[in-house]
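# Structural description and commentary
Listed here are the chains, written in short residue letters.
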Amino acid sequence: MVSVVFVCLGNICRSPTAEGIFRHLVENAGLDEHIHIDSAGTHSFHVGSPPDGNAQAEARRHGIDISHLRGRQAKSDDFQKFDYVLAMDSENHRNLLSICPDGSEHKLHIFLNFAPAVGLTDVPDPYYEGGFDSVYDMIEKASHGLLADIQENHL
Ligand code: 4NP
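Thresholds, definitions, all that
- Residues numbered from 1 in each chain as written.
- Predicted model: local features only at pLDDT ≥ 70, side-chain atom pairs only at ≥ 80, totals over all residues.
- Heavy atoms only, no water.
- 1 Å grid on protein atoms, 1.4 Å probe; cavity = no way out; pocket = protein on both sides within 12 Å on 5 of 7 lines; lining within 4 Å.
- Points joined across faces, edges and corners; volume = space filled by probe spheres on them.
- Helix = DSSP H or I, 4+ residues; strand = E, 2+ residues; numbered from the N terminus.
- Nonpolar A, V, L, I, M, F, W, Y, C, P; charged D, E, K, R; others polar.
- Salt bridge = Lys/Arg side-chain N within 4 Å of Asp/Glu carboxyl O.
- Buried < 20%, exposed > 50% of the residue type's maximum accessible area, 1.4 Å probe, protein only.

### Examining empty space enclosed by the protein
Counted under the stated rule, the structure contains one cavity of 30 Å³ or more. Reported here for the largest cavity is a volume of approximately 60 Å³. Along its surface, the largest cavity is lined by Cys-13, Arg-14, Thr-17, Ala-55, Glu-58, Ala-59, Pro-126, Phe-132, Val-135 and Tyr-136. Those elements giving two or more residues to the lining of the largest cavity turn out to be helix H1 (14–28), helix H2 (53–61) and helix H6 (132–153). Partitioning the lining of the largest cavity into residue classes produces seven nonpolar, one polar and two charged.

As structure tokens, then:
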């Protein structure tokens, strides 16, 4: 079993979108019994909340239901539980590094490094910068790259 967790700030826009898209890809590849998927936020603002309505609507437009997901806060223990900890942006990466136990740093990745063609390091906040459709597209591209990496290195 390989396990991955997507992490953004609030766990209501970018990371639940990534969780939904990646689960969809994994199910289509018939790998759902081999890959465990979760998401979290570095902050606690939205613990227990469903994904933002615009993020839900964008996912639904692509046939993906993320309405059942609920926010939770990332914790140190996630580095024990997960093989890949995927930061949506560099600020998330910094915050995750600050709770990362010694020796687990190799598990922490900038998510968009799995989509070099996108040419960005940070998945922008869809409200203020990114726009929900373009953020969706870049998350989808990096999800394909991540799945290819897992298939090559773990399965
Ligand atoms: P996310 O977006 O990190 O993609 O879930 C945000 C959602 C809420 C807040 C910030 C970012 N907030 O400050 O409440």
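### Considerations on the pattern of salt bridges
Using the criterion set out here, one finds six salt bridges in the structure. Residue Asp-89 pairs with Arg-14 through a salt bridge whose shortest N-O separation is 3.0 Å. Here Asp-89, found in the loop between strand E3 (84–87) and helix H4 (90–98), pairs with Arg-14, found in helix H1; they are 75 residues apart in sequence, far enough to count as distant. Judged by its relative accessible area of 7%, Arg-14 falls in the buried class. Here Lys-81 ties to Asp-77 by a salt bridge, and the two come within 3.7 Å at their closest N and O atoms. Take Asp-77: its relative accessible area is 35%, and that puts it in the partly exposed class.

### Structural notes on the layout of surface pockets
Looking at the largest pocket, its volume works out to about 290 Å³. In terms of lining, the largest pocket is formed by 21 residues, of which the most central are Leu-9, Gly-10, Cys-13, Arg-14 and Asp-125. Considered class by class, the residues forming the lining of the largest pocket number 10 nonpolar, four polar and seven charged.

Purely spatial values, then, with no claim about function.
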